[in-house]
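Below are the chains, spelled out letter by letter.
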Amino acid sequence: QQSTTNGEIVQNTSRHKTTSSFLRKEYTERGKHQKPSEKCKRVQKKMTSGEKEEENDDDGEEQTMAEREAWLRSHGVEIETAEDRRRMNVETTTTNKEEDKEEDLKEEKTTKKLVCVKIPSEDLNPFEEVVLEVATQKLGDVLPELLKPHFMGGGDIDVNLARQAATKQLGEEFASKSQNLGVSLAKECAMGSTETFALVRPSEKNGRKGVYIYLDEVGLLKGKAKNARASSLAASCGFPGTTFHGDVFVGAVQTEPQPMRSVDFTLKEMDSSASWLKLAPMENAEYAISMKELEKAMAEKGAGGGPGLQRINMGGGGGNDDGSLPSGDGDGYRWEQTEDGEVEISVYVPENTSAKTVSVGFRANSCVVIDKSEGSNSGKTILQIDNLYNKIRPDECTWTIAGGSKKNEVCVSLAKVDAGETWPQLTTTTSSK
């Protein structure tokens, strides 16, 4: 604006250029859909009406971009510049990297590695360590579940073989009623099913660390090849004559300090010099003896009314008057039964008898112990029991060698088909040879 000599105010034409420039710039910065600021409205109104506008100190000259941005921000206008976008991208990228790193660390904390050993059924394939992922908070023996995928599929179930096995173990009557046996086994095959075999149970001598074989529960019915090396390992632990089919895995469980959990088992521990393997035969023999002593002690205390050890006959009859389960002696052996469905037969053998010089066979209703030592006694039947009182499960029967104060014993464990039944006698006849 300029003043004349009579004090009249005259609007400078350059003012319209400056004002219009301001409006264009503000619209450009705010966008055509953004609500205009109060100053913008005021300038528009005065330009339209031709009114004079008081001049501000900063309106006389063009503003820099930084000044315009500062002014708009000071009046509540949100502006996003190219520099703002670059800075935002950098901050977002940094944040994402930090979040990813935190997620990785979190995942590492919630899972851990677990090592076990695979024994392939093919002798030409070497043993190998298998590393599995397991949740850190997962307790107990986790390998049966983790190894299921390794046993999925792998061949069709031989239904005829399955029926024969069911007949052998459970009897003809049960097998004839199992109309959907093939369907049930096919589901097991598709989902994967793991069976566990104890090579040595946790004890004080082995540091409370048990070692187990994990195998395909229906490997035999799939027609899987025999695993000779797994059978040899079981024999080294005091379980000769045990047969495995297909690939198997060896893992370990630690029971103390509590809680019980799966622990690493490496290739190094498969060496014949490993301490657990050296101790296994004696550990298993002592375990068998201790179970017998425990059953005997419980029977005695139960008969005497010991607190918390009252003996309950789950077999529906057939027990002795004193509450104990029937047992007895025979020619060269003694037998007894447990409440968990097993019949224990202790066969007396010479002191120099070892697992290598004895063979034990099982059928659905009989068992036999044979001398395999060299010399005149080779092939001689030590004990043969036919016509067992009821059917047993041959695949679940076991035996081991145990040392006694006077003579060695072959400890034979028979698994009853009907675990809750009490046998009043060992055989259906009064004699055995």
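Residues numbered from 1 in each chain as written. Predicted model: local features only at pLDDT ≥ 70, side-chain atom pairs only at ≥ 80, totals over all residues. Heavy atoms only, no water.

Participant: If you had to explain the sheet that holds strand β16 (residues 408-415) to someone new, which residues and values would you point to?
Facilitator: With antiparallel pairing, the 5 strands of this open sheet are ordered in space as β9-β10-β11-β16-β15. Edge positions in the sheet fall to β9 (328-330) and β15 (398-402), since each has one partner strand and no second. Averaged over neighbouring strand pairs, the angle between their axes works out to 20° when direction is ignored. (Pairing = 2+ DSSP bridges. Helix = DSSP H or I, 4+ residues; strand = E, 2+ residues; numbered from the N terminus. Axes fitted to C-alpha atoms, helices over the stretch in contact; angles between N-to-C directions.)

Participant: Can you lay out the pairing of strand β6 (residues 209-216) for me, pointing to particular residues and giving the numbers?
Facilitator: Looking down a regular strand, the side chains alternate between one sheet face and the other. Across the 8 residues that make up β6, a large majority, 8, are buried. In this sheet, β6 lies alongside strand β5 (residues 194-200) in antiparallel orientation, the contact comprising 6 bridges. From the neighbouring strand, Phe197 faces β6, where its bridge partner is Ile213. (Buried < 20%, exposed > 50% of the residue type's maximum accessible area, 1.4 Å probe, protein only.)

Participant: Summarise the nonpolar core; cite the residues concerned and give the values.
Facilitator: Leu199, Ile213, Leu233, Val250 and Trp276 are the most contacted members of the largest nonpolar core, which has 24 residues in total. Contributing elements (two or more residues each) for this core: β3 (111-119), β5, β6, α9 (228-236), β7 (248-254) and α10 (275-303). Ignoring any residue separated from it by four or fewer positions in sequence, one finds Leu199 in contact with Val211, Tyr212, Ile213, Leu233, Ala234, Cys237, Phe239, Val250, Trp276, Ala280 and Asn284. Judged by nonpolar contacts, the second largest core, of 23 residues, contains Cys367, Ile392, Ile401 and Leu414. (Core = buried A, V, L, I, M, F, W, Y, C linked by side-chain atoms within 4.5 Å. Contact = heavy atoms within 4.5 Å.)

Participant: Let's hear about the pattern of salt bridges: which residues, and what values?
Facilitator: As enumerated under the stated definition, the model contains 9 salt bridges in all. Note that Asp123 and Arg229 form a salt bridge whose closest N and O atoms lie 3.7 Å from each other. Taken together, the residues span a long stretch of sequence, with Asp123 in the loop between β3 and β4 (128-135) and Arg229 in helix α9 at a distance of 106 residues. Residue Asp123 is classed as partly exposed on the basis of its relative accessible area, which comes to 47%. Exposure remark for Arg229: the relative accessible area of 21% places this residue in the partly exposed category. (Salt bridge = Lys/Arg side-chain N within 4 Å of Asp/Glu carboxyl O.)

Participant: Lay out the confidence of the model for the protein chain in plain terms, naming residues and giving numbers.
Facilitator: When pLDDT is averaged along the protein chain, the result is 75; 62% of the residues meet or exceed 70. The least confident element of the protein chain, judged by mean pLDDT, is strand β2 (residues 9-10) at 39; the most confident is β7 at 96. Within the model, the stretch residues 51-60 combines pLDDT values under 50 with 19 contacts to residues more than four positions away or in other chains. Here residues 303-318 is modelled with pLDDT under 50, and outside its nearest four sequence neighbours on either side it reaches 26 contacts, counting other chains as well. (pLDDT = per-residue confidence, 0-100.)

Participant: So, a negative patch on the surface: which residues are in play, and what are the values?
Facilitator: Together, Glu195, Glu217, Asp395 and Glu396 make up a region of like negative charge exposed at the surface. Here Glu396 shows up in the loop between β14 (381-385) and β15. (Patch = residues over 30% accessible without salt bridge, like charges linked within 9 Å, V, L, I, M, F, W, Y side chains within 5 Å. Areas by Shrake-Rupley, 256 points an atom, 1.4 Å probe, with all protein chains shown as cover. Lys, Arg positive; Asp, Glu negative; His and termini not counted. Charge placed at Lys NZ, Arg CZ, Asp CG, Glu CD.)

Participant: Would you mind going over unusual backbone geometry in detail, with residue names and values included?
Facilitator: Leave glycine aside and you will find that most residues have negative phi; peptide bonds, for their part, are mostly trans. Glu256 connects to Pro257 through a cis peptide bond whose omega is 0°. You can see Pro257 is positioned in the loop between β7 and β8 (261-263). In this chain, Gln258 is followed by Pro259 through a cis amide linkage whose omega measures 5°. When you line up the elements, Pro259 lands in the loop between β7 and β8. Phi is positive for Arg208, close to 60°, though the residue is something other than glycine. Turning to its location among the elements, Arg208 is positioned in the loop between β5 and β6.

Participant: Residue-level account of α9, with values.
Facilitator: Listed in full, the buried residues belonging to α9 are Ala230, Ser231, Leu233 and Ala234. Each buried residue of α9 sits inside an arc of 155° when the element is viewed along its axis, so together they form one side. At the exit of α9 stands Gly238, carrying a positive phi of roughly 100°. (Arc of directions from axis to C-beta.)

Participant: Give a detailed account of the side chain of Asn227, specifying residues and quantitative values.
Facilitator: Mapped onto the secondary structure, Asn227 falls in the loop between β6 and α9. In this structure the side chain of Asn227 is engaged in a polar contact, spanning 2.9 Å, whose partner is the backbone oxygen of Ile119. Reaching out from Asn227, the side chain makes a polar contact with the backbone oxygen of Gly246 at a distance of 3.0 Å. Look past the residues within four positions of Asn227 in its chain and what remains in contact with it is Ile119, Pro120, Ser121, Phe244, His245, Gly246, Asp247 and Val248. (Polar contact = N/O pair within 3.5 Å; in protein donor to acceptor, adjacent residues only side chain to side chain.)

Participant: Go over the sheet that holds strand β13 (residues 366-371) with me, naming the residues and quoting the values.
Facilitator: Spatially, β12-β13-β14 is the arrangement adopted by the 3 strands of the open sheet, whose pairing is antiparallel. In this open sheet, the two strands that pair with only one neighbour each are β12 (358-363) and β14. Along the sheet, successive strands turn relative to each other by an average axial angle of 10°, direction set aside. Here 6 bridges tie β12 to β13, and the two strands are oriented antiparallel to one another. When the sheet's bridge partners are listed, Phe362 is paired in β13 with Cys367.

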